[in-house]
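Topology and contacts: notes
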Amino acid sequence: MAGRNGRTVRDLRRANRTAVLQRLYFDGPLSRFELGPATGLSSGSVSNVVADLVADGLVEEAGSVDSDGGRPRTLLRVAPGSGHMIGVDVGETRVRIELFDLALTELARTERPLEQQRYDVEVIVGHVRDGVAEVLAAADVAPGQLLGVGIGVPGIVERTPDRGAVVHGQTIGWDAVPLEELLRSTSRLPESAPYFIDNGAKTLGQAEMWFGGGRGARNAAVVLFGSGVGACLVTPEVDHGRAVEWGHLTVRVRGRRCRCGALGCLEAYAGAESLLERWREEGGHLPEGTDEETALTALLAAAYPSGGAADPAALAVLEETAEYLGAGLSDLINLFQPERILIGGWAGLQLGAGFLPAVRRHAVAYALRHPAEKVTIELGRLGPDAVTVGAAILPLADFFARGGRRPEPAPQGPPPAWRAALRERAPH
């Protein structure tokens, strides 16, 4: 039966379950007494919802606290083992796959390096498929227990009614790649285990906003600084974040050619790939076949040696990169006036805190004074796993939005031969 606002009793129950689950997840353990004011629900509604969630195995007791002159109050928390999520980071140097419980405790992980083939679609699909099987087998988790698989990818993600998530990744040569359809057609997961595919900068942003340096901020920009650069914007109007192709702002007319094909993009000056290319042009020497992470380590060692003279070309390239990155951040400051800007991604973390003062200096110099005075620019706090954590949050957020209701029931575990095959794939 629908009420005046169109909401049914079922909608109301789902909303109440969502409210209780979220408060216990972010602020718990909490007592039933504390859940009332925290959720805005009556004590009777709280008792009914908690009873339902305990019966479903989603909420469990977590000790007790003394009350003012009365009986001790039982504390409640979300049961960590009541659900599992997989987060996948299709990165620039590797595909990282991690399995988490409902409390986002890592249970298993695997990595697949990306070398010569890099973004070959079949290679990526194979890495994700095999990596998912490997982490499930390593933790002895049945595929039917999954709330979903979240995947962070480079590029623009379009959701289509017939093919699911389609990825437009111009910089990596992906032209309308039906990634969800490809994964589903080769996956060993049951149909009830959904895929959630989104831009990697957005999953990074989601992780930092839930658990990292963005907590408590109403307006934030989270920057992914790797081979290229991207950003996620979070505002009160877009609370889950919106990925923006920030790396393809034009910062120099008729400038360097970007890997997207255009001239003068920010990514052609501020990404790690372009940074290393400019160092080579200035005489920096790297052995043939050196991967980007190793090469960036070598550049930093040349610019800031533990002993001896610094390489002036390496220092100059880093300073130029800091200026372009700061100028790019000034655009975010002027356009969106965020309270915080957080810099993550493997290159941003590798350059580290020593790189930030120059970036801040240039950002403030290029930005309007009033919004620049109100923003802080810091490194992200979640480290190299931020994208996989953020990807795992995608099915978790969907689970909360459904009031803790699982996908449609799956078959009771894989056939015995299948499970044996999964275990054989697990690392020993």
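What counts and how
- Residues numbered from 1 in each chain as written.
- Predicted model: local features only at pLDDT ≥ 70, side-chain atom pairs only at ≥ 80, totals over all residues.
- Heavy atoms only, no water.
- Disulfide = S-S within 2.5 Å.
- Helix = DSSP H or I, 4+ residues; strand = E, 2+ residues; numbered from the N terminus.
- Expected span 1.5 Å × (residues − 1).
- Buried < 20%, exposed > 50% of the residue type's maximum accessible area, 1.4 Å probe, protein only.
- Arc of directions from axis to C-beta.
- Pairing = 2+ DSSP bridges.
- Axes fitted to C-alpha atoms, helices over the stretch in contact; angles between N-to-C directions.
- Contact = heavy atoms within 4.5 Å.
- Core = buried A, V, L, I, M, F, W, Y, C linked by side-chain atoms within 4.5 Å.
- pLDDT = per-residue confidence, 0-100.
- Parallel < 35°, antiparallel > 145°, perpendicular 65-115°, else oblique.
- Nonpolar A, V, L, I, M, F, W, Y, C, P; charged D, E, K, R; others polar.

A closer look at the state of the cysteines
Tallied over the entire structure, the rule returns zero disulfides. Just so you know, C258 is unpaired, no disulfide at all, and the nearest cysteine sulfur is the one on C260, 3.7 Å from it.

Section: helix 3 (residues 43–55)
For helix 3, spanning 13 residues, the distance from its first C-alpha to its last is 18 Å, which sits close to the expected 18 Å at 1.5 Å a residue. Within helix 3, burial applies to V46, V49, V50 and L53. For helix 3, the arc enclosing every buried residue in end-on projection is 100°, short of the 170-degree limit, so these residues lie on one face. Away from its buried face by more than 90 degrees, helix 3 exposes N48 and A55. Once helix 3 finishes, G57 follows within two positions and takes phi at roughly 80°, a positive value.

Let's talk about the sheet that holds strand 10 (residues 174–177)
Each strand in a sheet pairs with its neighbour through backbone hydrogen bonds, running either in the same direction (parallel) or in the opposite one (antiparallel). Spatially, three strands are ordered 8-9-10 in an open sheet, and the strand pairing comes out antiparallel. Pairing within the sheet leaves two strands with one partner each, and these edge strands are strand 8 (156–160) and strand 10. Each neighbouring strand pair of the sheet contributes to a mean axis angle of 20°, computed without reference to strand direction. Across the face of the sheet, helix 5 (residues 179–186) comes into contact with strand 9 (164–169) and strand 10 while running at roughly 125° to strand 9.

Re the nonpolar core
With 50 residues, the main nonpolar core has W246 and L329 as its most contacted residues. Ranked by the residues each element gives to this core, the list is headed by helix 10 (residues 312–336), at ten residues. In this structure, L329 is in contact with V223, W246, I341, I343, V359, A363 and I377, ignoring residues within four places of it in sequence. Within the second largest apolar cluster, 32 residues are counted, among which are V88, I151, W174 and L189.

As for the confidence of the model for the protein
With 91% of its residues at a pLDDT of 70 or more, the protein shows a mean pLDDT of 87. Residue range residues 409–428 is modelled with pLDDT below 50. Its contacts to residues more than four positions away, or to other chains, number 28 contacts.

A word on the environment of A322
Examined against the element boundaries, A322 turns out to sit in helix 10. Through-space distance from the C-alpha of A322 to that of S306 is 22 Å; in sequence the pair is 16 residues apart. Dropping the residues within four chain positions of it, A322 is found in contact with F355, A358, V359 and H362.

With respect to the packing of helix 1 (residues 9–27) against helix 14 (residues 386–401)
The N-to-C vectors of helix 1 and helix 14 enclose an angle of 135°; their axes lie 8 Å apart at closest approach. The angle between the axes of helix 1 and helix 14 places the two elements in the oblique class. Together, R14, T18, L21, Q22 and Y25 of helix 1 and L396, F400 and A401 of helix 14 make up the contact between the two elements. Looking at the contact of helix 1 with helix 14 residue by residue, the classes come out as five nonpolar, two polar and one charged.

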